[in-house]
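This is what each chain is made of:
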There are 2 protein chains.
Amino acid sequence: MPAGMTTPQPFSFPDDQIATFRAFADRLADAAREAILPHFRTRGLDIENKSKAAFDPVTEADRGAERAMRALIEATYPDHGIEGEEFGVKPSVSGWSWVLDPVDGTRAFVAGLPLWGTLIGLTWQSRPVIGIIDQAYLGERFRGWPGGAEVEDRHGVRPLRVRPCADLREAVAATTDVHLFTPSEAGGFEMVRRTAPITRYGCDCYAYAMAASGFVDLVIESGLKPHDVAGLIPVVEGAGGLVTNWRGGPAWRGGQVIAAGDPRPHEQALVVLRRAAD
Amino acid sequence: MPAGMTTPQPFSFPDDQIATFRAFADRLADAAREAILPHFRTRGLDIENKSKAAFDPVTEADRGAERAMRALIEATYPDHGIEGEEFGVKPSVSGWSWVLDPVDGTRAFVAGLPLWGTLIGLTWQSRPVIGIIDQAYLGERFRGWPGGAEVEDRHGVRPLRVRPCADLREAVAATTDVHLFTPSEAGGFEMVRRTAPITRYGCDCYAYAMAASGFVDLVIESGLKPHDVAGLIPVVEGAGGLVTNWRGGPAWRGGQVIAAGDPRPHEQALVVLRRAAD
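Fair warning: this is a prediction, and the values are worked out from it, not measured in the lab.

One chain copy maps onto the other through a rotation about an axis and a shift parallel to that axis. For the pair chain B and chain A, the relating rotation is 180°, the translation along its axis is 0.0 Å, and the fit reaches an RMSD of 0.0 Å. The transformation just described matches what one would write down for a two-fold rotation axis. Residue by residue, 100% of the interface of chain B is reproduced at the interface of chain A, so both copies engage with the same surface.

Moving on: the state of the cysteines. Using the criterion set out here, one finds zero disulfides over all chains in the structure. No disulfide involves Cys203(A); its sulfur sits 9.5 Å from that of Cys203(B), the nearest cysteine. Taking relative accessible area as the criterion, Cys203(A) reaches 1% and is therefore assigned buried.

Looking now at the interface of chain B and chain A. Interfaces are frequently sized by the accessible area removed from exposure as the parts join. Contacts between the two partners involve 41 residues from chain B and, on the opposite side, 41 residues from chain A. Interface area, chain B with chain A, both sides summed: about 3,500 Å², of which 60% is carbon and sulfur. The interface formed by chain B and chain A holds four salt bridges in total. Elements with a contribution of two residues or more to the side of chain B that touches chain A: α3 (106-110), α4 (183-195), β12 (198-201) and α5 (206-213) of chain B.

Okay, the confidence of the model for chain A next. Residue and element names in this part refer to chain A. Averaged over every residue, the pLDDT of chain A is 90; the share at 70 or more is 90%. Here residues 1-5 scores under 50 on pLDDT; set against residues more than four positions off or in separate chains, the count is 11 contacts. The low-confidence segment residues 44-57 (pLDDT under 50) makes 31 contacts with residues lying over four places distant or belonging to another chain. Complex prediction metrics read pTM 0.90 and ipTM 0.89.

This brings us to the pattern of salt bridges. Counted under the stated rule, the structure contains 38 salt bridges over all chains. With a shortest N-O distance of 3.1 Å, Arg200(B) and Asp204(A) are connected by a salt bridge. Taken together, the positions of Arg200(B) in strand β12 and Asp204(A) in the loop between β12 (198-201) and α5 (206-212) put the pair across two chains. For the pair shown, Arg200(B) and Asp204(A) are each scored as buried. Here Asp217(B) and Arg163(B) are joined by a salt bridge, their closest N and O atoms 2.9 Å apart.

Here the focus is the domain arrangement of chain A. Residue and element names in this part refer to chain A. Each assigned domain of chain A is listed here: domain 1 (15-159) and domain 2 (168-276). Measuring from the centre of the C-alpha atoms in domain 1 to the corresponding centre in domain 2 gives 21 Å. Here domain 1 and domain 2 share an interface that buries about 2,000 Å² over both sides, 70% of which is from carbon and sulfur atoms. Summed over the three residues of domain 1 that lose the most area to domain 2, namely Leu115, Pro128 and Ile133, the buried surface amounts to 29% of that side. Along the contact surface separating domain 1 from domain 2 lie zero salt bridges. If you look at where domain 1 meets domain 2, you find three residue pairs in polar contact (both at pLDDT 80 or more). For the side of domain 1 that touches domain 2, the elements supplying multiple residues, two or more each, are β5 (96-104), β6 (117-124), β7 (127-135), β8 (140-145) and β9 (148-153). No other element matches the eight residues that β7 contributes to the side of domain 1 that touches domain 2. Looking at the side of domain 1 that touches domain 2 residue by residue, the classes come out as 16 nonpolar, 10 polar and six charged.

This paragraph deals with the packing of aromatic side chains. Applying the stated criterion across every chain yields a total of 30 aromatic pairs over all chains. A ring pair is formed by Phe13(B) and Trp96(B), whose centres lie 5.0 Å apart and whose planes are at 50°; its orientation type is tilted. Highlighted residues: Phe13(B) in the segment before α1 (15-36) and Trp96(B) in strand β5 (residues 96-104), separated in sequence by 83 residues. You'll find Phe13(B) and Trp96(B) in the same group, each marked buried. Measuring from centroid to centroid gives 4.9 Å for Phe24(B) and Tyr77(B), while their planes differ by 90°, and the two rings are edge-to-face. Residue Phe24(B) is located in helix α1, and its partner Tyr77(B) is located in the loop between α2 (60-76) and β3 (81-84); the two are separated by 53 residues in the primary sequence. For the residue pair Phe24(B) and Tyr77(B), the accessibility class agrees, reading buried in each case. Among the aromatic side chains, those forming a connected cluster through ring pairs are Phe13(A), Phe21(A), Phe24(A), Tyr77(A), Trp96(A), Trp98(A) and Trp124(A).

So, how was this worked out
- Counting starts from 1 at the beginning of each chain's written sequence and moves along it residue by residue.
- For naming, the first written chain is A and the first written ligand is 1, with later ones following in the order written.
- It should be noted that, the model being predicted, local features are given only for residues of pLDDT at least 70 and side-chain atom pairs only at 80 or more, the latter also being counted only at that level, while totals for whole chains, interfaces and linings use all residues.
- Side-chain numbers come from the whole structure's heavy atoms, not from hydrogens or water.
- The copies are overlaid by a least-squares fit using only the C-alpha atoms of residues whose pLDDT is at least 70 in both copies.
- Should any heavy atoms of two residues lie within 4.5 Å, those residues are considered in contact.
- By convention in this document, the label disulfide applies to cysteine sulfur atom pairs within 2.5 Å.
- Exposure classes here rest on a 1.4 Å probe applied to the protein chains alone. A residue is buried below 20% of its type maximum, exposed above 50%, and partly exposed in between.
- Put simply, buried area is the surface a 1.4 Å probe can reach on two separate parts but cannot reach once they are joined, added for both.
- Throughout this description, the term salt bridge denotes a Lys or Arg side-chain nitrogen within 4 Å of a carboxyl oxygen of Asp or Glu.
- Each helix is a run of H or I in the DSSP string that is no shorter than four residues. Each strand is a run of E no shorter than two, and both are numbered from the N terminus.
- Scored between 0 and 100, pLDDT is the confidence that the predictor attaches to each residue.
- Start and end points for every domain follow an automatic or database-based domain assignment.
- Pairs of N or O atoms within 3.5 Å make up the polar contacts considered here, provided that, within protein, one atom can donate a hydrogen while the other can accept it, and that residues adjacent in sequence are counted only when both atoms are side-chain atoms.
- Residues are grouped as follows: Ala, Val, Leu, Ile, Met, Phe, Trp, Tyr, Cys and Pro are nonpolar; Asp, Glu, Lys and Arg are charged; all remaining types, including Gly, are polar.
- Stacked, edge-to-face and tilted labels apply to pairs of Phe, Tyr and Trp rings (six-membered ring for Trp) whose centres lie within 6.5 Å, assigned for plane angles under 30 degrees, over 60, and everything in between, in that order.

Listed below in structure tokens is the structure:
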């Protein structure tokens, strides 16, 4: 492994504990689907601005799903913490916390595009252990845990596996919106964009699901919150990929994030991204 | 209607002729689905470069679907022309031509993203009359014809209708990739991007389907070919929207294209886009 990169945390939890939490994470995702789907592609979506500085649509879907998930967690694991995008932080007294982003990609949601997703992460002392990326409209659920990852969709359940990619010059890259980058971040991304033969935009969390599935080689973003990454890190890592910040360090705090299926284009991208790293 | 804009062509074809051609367009879309779906999200996709100048993936899906559609047309309407993205032009001897883009959005296809689509247009003396945007993986088919448009999806068949949008400052805008614009085109688009509260990227033909569905207000692109637009113009117009070039003239030749659900943000965008118009 190249210098400066971190090894994923060596978690060692009892298998039955992981199995129990994985099953519970699915219950959360089911509850979120039920709350969100009736609001997708309905007219007269109630969009509020959370902040006047940046346009950030919040829908009934977002709030309803977080409410439903929080209620389940509080009823089942009262000693677990909760960090939700909509309703803030409940501290953990056990070390475990559920980190929730009910609708990641609210702009895609508003535009009718089925690339938003529900992100559910279970963290142990802030480090993501179990994650789900759920696309309710497509009926696709991507799951990750220590040592594995799988997708459940219309074809059933299959293991997830990243694909090899020897060089950035062969990579499919993705980001959500180049205009979200600062000028120096944009400078770093520009090298990647001009080197990789395909770059896709507007994917939000779905890009990480496609990285875990072996169709996207690099995902590069900045300005992420912990709730943007906790759900997806276990999925990409469980599929054999890596998720780091732009210095090659841990990504669970969010900020500048790069996910890759193969360490080779990851390291090539870091050569320039490091110069724009916080 | 503002000066300089064109009224859509006043087509008057017998209803039963339109009905017959609409049913046949569905047969083409069915054949394309069958040829394409087995290749979506399979590993080891056979990507060839059609041109060394630009990276343009061509898949077996693309070619297989066009072959299947051409065979059906030649067997059923030997006097109709065919303009396909993959296998070129067969001149029309009747005035009618089928304009085919089997996989619009090949980059999305390669990245596993379900926003590519099959575009099928029937033109009369080069003007699009009937159109289909088919998203095979989602099972969504958007149809347009003189005077109407509808979508068929998991929920059944519903009419398509654009939504009102009084001002560019309230619009959801979309384009495929800002890097496809020339510098002067990018300058024009930049005003739209900075004025509209939401801009989405990477949608290809699916953005037009969302405009016809009333979730996207403006789609702005350049460098389009006739086969990129023939299938989608009848869908957007049939849903009550408009599709023009950046001068407000007809869009069926492709090039710089703007689609809108409401003429007001369309006209506001043209104020700046006209300066970059060919």
